[in-house]
Amino acid sequence: MSKEKLLLISFDYELFLGEKTGTVQQCLIKPTDQIISCLKKYAFKAVFFIDTVYILRLREIAGKYPVAKTDLDLIMGQLVQLVKNGHEIHPHIHPHWIDALYNPASNEWDLREKRYYTFASLSENKQSGLFSESVSLIKSVLEKVNSTQPIDSYRAGGWSIEPFRYFRPLFIQYDIKYDWSVIPGKYQVSDAHSFDFRKAPGGIPVYRFSEAPCRKEENGPFTEFTISTLTMNRIETWIDFKISGMMQRFGWRPAHKGKTVSSIIKEEGDLYSNGRNKRIIASFEGLNPFTLKKYVSNIGTSGYFQFISHPKLITPFEFKMIDKLFRKLKSKFEIQTDFRKFIS
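Quick notes on the rules
- Residues numbered from 1 in each chain as written.
- Predicted model: local features only at pLDDT ≥ 70, side-chain atom pairs only at ≥ 80, totals over all residues.
- Heavy atoms only, no water.
- Pairing = 2+ DSSP bridges.
- Helix = DSSP H or I, 4+ residues; strand = E, 2+ residues; numbered from the N terminus.
- Salt bridge = Lys/Arg side-chain N within 4 Å of Asp/Glu carboxyl O.
- Buried < 20%, exposed > 50% of the residue type's maximum accessible area, 1.4 Å probe, protein only.
- Phe/Tyr/Trp six-rings, centres within 6.5 Å; stacked < 30°, edge-to-face > 60°.
- Lys NZ or Arg CZ within 6 Å of the ring centre and 35° of its normal.
- 1 Å grid on protein atoms, 1.4 Å probe; cavity = no way out; pocket = protein on both sides within 12 Å on 5 of 7 lines; lining within 4 Å.
- Points joined across faces, edges and corners; volume = space filled by probe spheres on them.
- Nonpolar A, V, L, I, M, F, W, Y, C, P; charged D, E, K, R; others polar.
- Patch = residues over 30% accessible without salt bridge, like charges linked within 9 Å, V, L, I, M, F, W, Y side chains within 5 Å.
- Areas by Shrake-Rupley, 256 points an atom, 1.4 Å probe, with all protein chains shown as cover.
- Lys, Arg positive; Asp, Glu negative; His and termini not counted.
- Charge placed at Lys NZ, Arg CZ, Asp CG, Glu CD.

A. Molecular detail of the sheet that holds strand β11 (residues 222-225). One open sheet holds the four strands; their spatial order is β6-β7-β11-β10, and the pairing between them is mixed. The open sheet terminates on both sides in strands that have one partner only, identified here as β6 (153-154) and β10 (206-209).

B. Quick look at the pattern of salt bridges. A full pass over the atoms with the stated rule returns 22 salt bridges. Residue Lys 69 pairs with Asp 73 through a salt bridge whose shortest N-O separation is 2.8 Å. Here Asp 73 and Lys 69 lie together in helix α3 (residues 66-84), a separation of four residues that amounts to about one turn. Here Lys 69 falls in the partly exposed class, since its relative accessible area comes to 38%. Take Asp 73: its relative accessible area is 41%, and that puts it in the partly exposed class. What emerges from the salt-bridge pattern is a single network uniting Lys 45, Glu 88, Asp 152, Asp 338 and Arg 340.

C. Spotlight on the packing of aromatic side chains. Counting across every chain of the model gives 37 aromatic pairs. Between Tyr 42 and Phe 326 the ring centres are 6.0 Å apart and the planes differ by 75°, which places this aromatic pair in the edge-to-face class. On the criterion of sequence distance, the pair formed by Tyr 42 in helix α1 (residues 24-42) and Phe 326 in helix α8 (residues 316-332) is long-range, its members being 284 residues apart. Like Tyr 42, the residue Phe 326 is buried in the burial classification. Relative to Phe 197, the ring of Phe 195 has its centre 5.2 Å away and its plane inclined at 20°; by these criteria the two rings are stacked. With a relative accessible area of 7%, Phe 195 lands in the buried category. What links up through ring pairs into an aromatic cluster is the set Phe 11, Tyr 42, Phe 44, Phe 48, Phe 284, Tyr 295, Phe 305, Phe 307 and Phe 326. The residue whose ring lies beneath Lys 5 is Phe 333, and the NZ or CZ to ring-centre distance is 5.3 Å.

D. Up close: the layout of surface pockets. By volume, the second largest pocket amounts to about 380 Å³. Along its surface, the second largest pocket is lined by 18 residues, and Gly 203, Ile 227, Ser 228, Thr 229 and Arg 279 are the ones closest to its centre. Mapped onto the lining of the second largest pocket, the elements with two or more residues apiece are β12 (229-233) and β15 (304-309). Class assignment for the residues of the lining of the second largest pocket results in eight nonpolar, nine polar and one charged.

E. Main features of a positive patch on the surface. Taken together, the side chains of Lys 3, Lys 293, Lys 320, Lys 324, Lys 328 and Lys 332 define a basic patch exposed on the protein surface. Considering every element that reaches the positive patch, the biggest residue donor is α8, with four residues. The exposure class of Lys 328 is partly exposed, given its relative accessible area of 42%.

F. Structural context of unusual backbone geometry. With omega at -5°, the peptide bond leading from Glu 162 into Pro 163 counts as cis. The topology assignment puts Pro 163 in the loop between β6 and α5 (168-173). One non-glycine residue, Asn 107, adopts positive backbone phi at about 55°. Its place among the elements puts Asn 107 in the loop between β4 (101-103) and β5 (108-110). Of note, Asp 175 is a non-glycine position whose phi angle comes to about 60°, a positive value. With respect to the helices, strands and loops of the structure, Asp 175 is situated in the loop between α5 and β7 (178-179). Residue Asp 175 is classed as partly exposed on the basis of its relative accessible area, which comes to 43%.

The following block contains the structure:
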């Protein structure tokens, strides 16, 4: 068993996406500062997918509302710090920010309108415009620190990378080579978004594709870095449930600072789950001593693992668990967190 592991640590840098977004300080600045500190301690590198359309909307109102201008300055300053600390930033588009309503009294947003939740719901001109502005926004941050990082990765909002025909010409135009949206086997259809990854190749975490992110093509121009999962049997699921309940009773898992998008799920499932096993998406959210051991074991038996997390959702207790997880992984394995060294 090889001790060298490719550990991809990815974050979606965003507020809550429902009727109450939460504040920039609570959901982005404070938790991301803690993430930066933890990653620096272990010399780990991460990839941050930036909710660009939110920042574009914030720019629109910054001249009118001083508190919004403060938020914009804080965010842009933190993105610069991420790059200075060796992390990568790439676009992450949630189109329904187009319809978001700003409440200056609370300095929060309302995103209950879902008609533009998916990229496919936009007109071709709007798709092209948002993608162009998103790339330009990331480029403006990189230029502040003279970074040579290419803007060549993307994660779709709500994992809705399909239908890929809407993204493909833009990937080609802006030289996007890497997608980070697919969770093999998972599928969900709702009135807000949809994704279906049942046809993604099983057991192949990194593969090339051309016309569809779930169809492997040896010489495809794009590469998929799939999101990992953690499989638990019935007893393990019960243990995790009990620990989660205990954490809430003791106040270790406080209430969310905002509200996520409310959607009506029409169909969902997991090709690789059954009555005996359940798969959860690999994330720092919900991390506890039991799942920590499971993650270490899983990473130990594979050469590739990707976490997807959100700064807004990580609790103080979970930050302690992340530190323990990183320490264990660093002591047991040769950890590589730079995906570019993997593909070079």
